[in-house]
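Here is what each chain is made of, one letter per residue.
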Amino acid sequence: MNAVRAMVGCSLMMFSMTSGPAAQMAQAADKVIAGSLGGQAPLWAIYVAVHKSFFAARGHRS
Amino acid sequence: MSSTFAQSGAAVTQQLTAASLDVALSVGITDPIRAIDKGAPLALIRVVGNAAPYVLIGKPGLKSIADLKGKIISVGADNDITTVYFERMMSANGLKKSDYDVLPAGVAAARFAALKAGVVDAAIVLPPLNFQATASGFVTLGLAADYVKDIPFTGMAVHRRWAAANLPVAKRILAATDKSIAWLADPSHRDEAIELLVKVARSSKEDAEASYDYLRRIEYFEPSSKVSRTKLRNLVAMEQRAGTVDPAFAIDRLVMPGLTELTD
């Protein structure tokens with residue numbers, strides 16, 4: 001895993017997460033700060049979740 | 001969304017421990033385990049990478065792992081995770097530690113460089129280096145995933161205080177990850193997934209295509225948020241044998257009731 005880290009580096013992502021339309025207005029503090037080992041293929045699923053807006057579809061904005 | 005960068009998975013785990021982060025979406029699974037053993041208020045909530053993507057590659061002319069008897073092989077570092085996978089691949093082919101020499105070379109790129117320079121006869125690397133290696137005439141001797149199926153590779157972890165205060169959000173992160181991995185596993189999404197990796201990770205199209213097929217082949221992504229108790233036990237036992245985790249460490253310390261869903 002050290003090799004994975006070194007090869008791909010590391011990214012941190014911040015998702016603003018809300019519980020729905022009504023919550024969005026009052027949820028400035030309701031955000032999730034998420035970090036991850038970054039890079040290419042091993043992080044593919046996370047890229048998909050962010051870029052296909054699956055986090056957003058679950059009530060979060062990403 | 002805003003992004004920033006850190007140097008390593010260990011750094012992400014340190015930031016999670018300090019509550020600078022709420023969630024580590026995907027890190028080497030041994031990082032949070034070692035942190036929790038030392039008292040960090042973290043919990044493992046999901047396995048992300050279910051199989052190690054390491055590939056053992058060798059000089060042209062070598063045909064199998066058994067051919068590495070008497071050879072020099074480049075690994076990561078003494079007692080790091082690459083060594084664990086490597087030794088299990090070797091022993092499965094009847095080779096003992098005394099049958100070969102290892103040269104710890106650090107990161108995968110350095111290991112591949114040692115192979116290209118002729119300093120070693122084989123090296124354990126990660127995609128996409130193995131694809132580049134075979135395109136240059138080196139040979140694939142074995143895949144770690146074919147030999148080691150009982151320990152997970154990467155995982156998702158949370159800070160316990162944050163998760164306790166934000167349980168519905170944490171569960172939605174798990175559900176979104178499930179959906180993402182299911183999307184990725186659908187072969188009809190192959191082209192779109194490859195385009196995404198090229199765009200986001202700045203991969204070459206050739207490497208992205210090969211990586212997609214390879215990760216599917218080794219069933220890299222864990223489709224379920226359920227965490228195997230047996231695999232966690234295996235992982236902790238491996239860490240205990242390496243002396244990196246206390247012998248009395250119990251796997252219940254790794255999980256968060258109500259969030260981590262243990263199975264078997």
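Residues numbered from 1 in each chain as written. Chains lettered and ligands numbered in written order. Predicted model: local features only at pLDDT ≥ 70, side-chain atom pairs only at ≥ 80, totals over all residues.

Draft legend 1. Representation of the domain arrangement of chain B. Residue and element names in this part refer to chain B. Under the domain assignment used here, chain B contains domain 1 (9–51 + 152–178 + 221–263) and domain 2 (55–147). A C-alpha centroid distance of 29 Å is found between domain 1 and domain 2. With four residues of domain 1 at the contact, the number on the domain 2 side is four residues. Grouping the amino acids of the side of domain 1 that touches domain 2 by side-chain chemistry returns three nonpolar, one polar and no charged. (Domains from an automatic or database assignment. Contact = placed C-beta atoms within 7 Å. Nonpolar A, V, L, I, M, F, W, Y, C, P; charged D, E, K, R; others polar.)

Draft legend 2. Here's a closer look at the pairing of strand β4 (residues 55–58) of chain B. Residues and elements named next belong to chain B. With burial as the criterion, each face of β4 is covered, one bearing Val55 and Ile57 and the other bearing Leu56 and Gly58. Where β4 and strand β8 (residues 139–143) come together, four bridges link them in antiparallel fashion. Counted as the bridge partner of Leu56 is Gly142 from β8. (Buried ≥ 20, exposed ≤ 12 C-beta atoms within 10 Å, placed from the backbone. Helix = DSSP H or I, 4+ residues; strand = E, 2+ residues; numbered from the N terminus. Pairing = 2+ DSSP bridges.)

Draft legend 3. Looking closely at the confidence of the model for chain B. Residue and element names in this part refer to chain B. Per-chain confidence: chain B averages 92 in pLDDT, with 97% of residues scoring 70 or above. The low-confidence segment residues 1–5, where pLDDT is below 50, has 15 contacts with residues more than four positions distant or belonging to other chains. At the level of chain-chain contacts, confidence expressed as ipTM amounts to 0.84, with global pTM at 0.84. (pLDDT = per-residue confidence, 0-100.)

Draft legend 4. Spatial organisation of helix α10 (residues 205–217) of chain B. All names here are of chain B. Look at α10: 18 Å from first C-alpha to last across 13 residues, which is about the 18 Å you get at 1.5 Å a residue. When we look at burial in α10, the residues that qualify are Asp207, Ala208, Ala210, Ser211, Tyr212 and Leu215. Where α10 is buried, its residues contact α5 (129–135) and α9 (190–201). A positive backbone phi angle near 50° is found at Glu219, which sits one or two residues after α10. (Expected span 1.5 Å × (residues − 1).)

Draft legend 5. Region of interest: the environment of Asp207 of chain B. All names here are of chain B. Looking at the secondary structure, you find Asp207 in helix α10. When the 20 C-beta atoms within 10 Å are taken as the criterion, Asp207 is described as buried. Distance from Asp207 to Ile194, taken between C-alpha atoms, is 9.2 Å for residues 13 residues apart in sequence. If we skip the residues at most four places from it in the chain, Asp207 touches Pro128 and Phe131.

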